[in-house]
Amino acid sequence: EKLESKRRKTSLFTIIVMIVILASFGLQGFAIGFNTEKIIIIISAISAFVVSGTVAVKQIIMQRLDTLRVVHNKIRMEVNKFMLENNKLTTNVNGLEDEVLNLQHL
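Calculation notes
- Residues numbered from 1 in each chain as written.
- Predicted model: local features only at pLDDT ≥ 70, side-chain atom pairs only at ≥ 80, totals over all residues.
- Heavy atoms only, no water.
- Helix = DSSP H or I, 4+ residues; strand = E, 2+ residues; numbered from the N terminus.
- Areas by Shrake-Rupley, 256 points an atom, 1.4 Å probe, with all protein chains shown as cover.
- Salt bridge = Lys/Arg side-chain N within 4 Å of Asp/Glu carboxyl O.
- Buried < 20%, exposed > 50% of the residue type's maximum accessible area, 1.4 Å probe, protein only.
- Contact = heavy atoms within 4.5 Å.
- Patch = residues over 30% accessible without salt bridge, like charges linked within 9 Å, V, L, I, M, F, W, Y side chains within 5 Å.

Draft legend 1. Structural context of the overall build of the protein. Scanning the protein for helices and strands turns up two helices and zero strands. In the structure as shown, the protein presents an accessible area of about 9,200 Å², 69% of it carried by carbon and sulfur atoms.

Draft legend 2. Here's a closer look at the pattern of salt bridges. Scanning all chains against the criterion turns up two salt bridges. Notably, a salt bridge pairs Glu78 with Lys81, separated by 3.7 Å at the nearest N-O pair. Of this pair, Glu78 and Lys81 are both found in helix H2 (residues 38–105), three residues apart, which corresponds to roughly one turn of the helix. On the basis of relative accessible area, Glu78 is assigned to the partly exposed category, the value being 40%. Residue Lys88 is joined to Glu85 by a salt bridge in which the shortest nitrogen-to-oxygen separation is 3.7 Å. Of the two residues, Lys88 and Glu85 are both situated in helix H2; the distance of three residues between them amounts to about one turn of the helix. The class for Glu85 is partly exposed, based on a relative accessible area of 42%.

Draft legend 3. Focus on the environment of Ile21. Inspection of the secondary structure assignment puts Ile21 in helix H1 (residues 2–35). When the C-alpha positions of Ile21 and Phe49 are compared, they lie 9.4 Å apart, and in sequence the two are 28 residues distant. Filtering out sequence-adjacent residues up to four positions away, Ile21 remains in contact with Val51, Ser52 and Val55.

Draft legend 4. Summary view of a nonpolar patch on the surface. A surface patch of nonpolar side chains, about 370 Å² in accessible area, is lined by Val57, Ile61, Leu65 and Leu68. Mapped onto the secondary structure, Leu65 falls in helix H2.

Here's what the structure looks like:
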């Protein structure tokens, strides 16, 4: 639950950042529009969409990697538990083998 809450906060923050970026580029384009030719406005708008789109894609990739990291850590914990159980079983089997050898001498 804490992880989901953290992920939601990160997503909300990402959305706010993207809105601010888009607004910033939009205002820059608007300001340029009053002073220069329309081609610069178009270039500014295109660059704004490219940058904000790139930011969105990068954030999505980072969130997926974060999810994969959590899964990877859970798998690692399970593997560690299995290793401990395997060590216990190995110790028990070795002890039983020793007892069998002792009983064979009788």
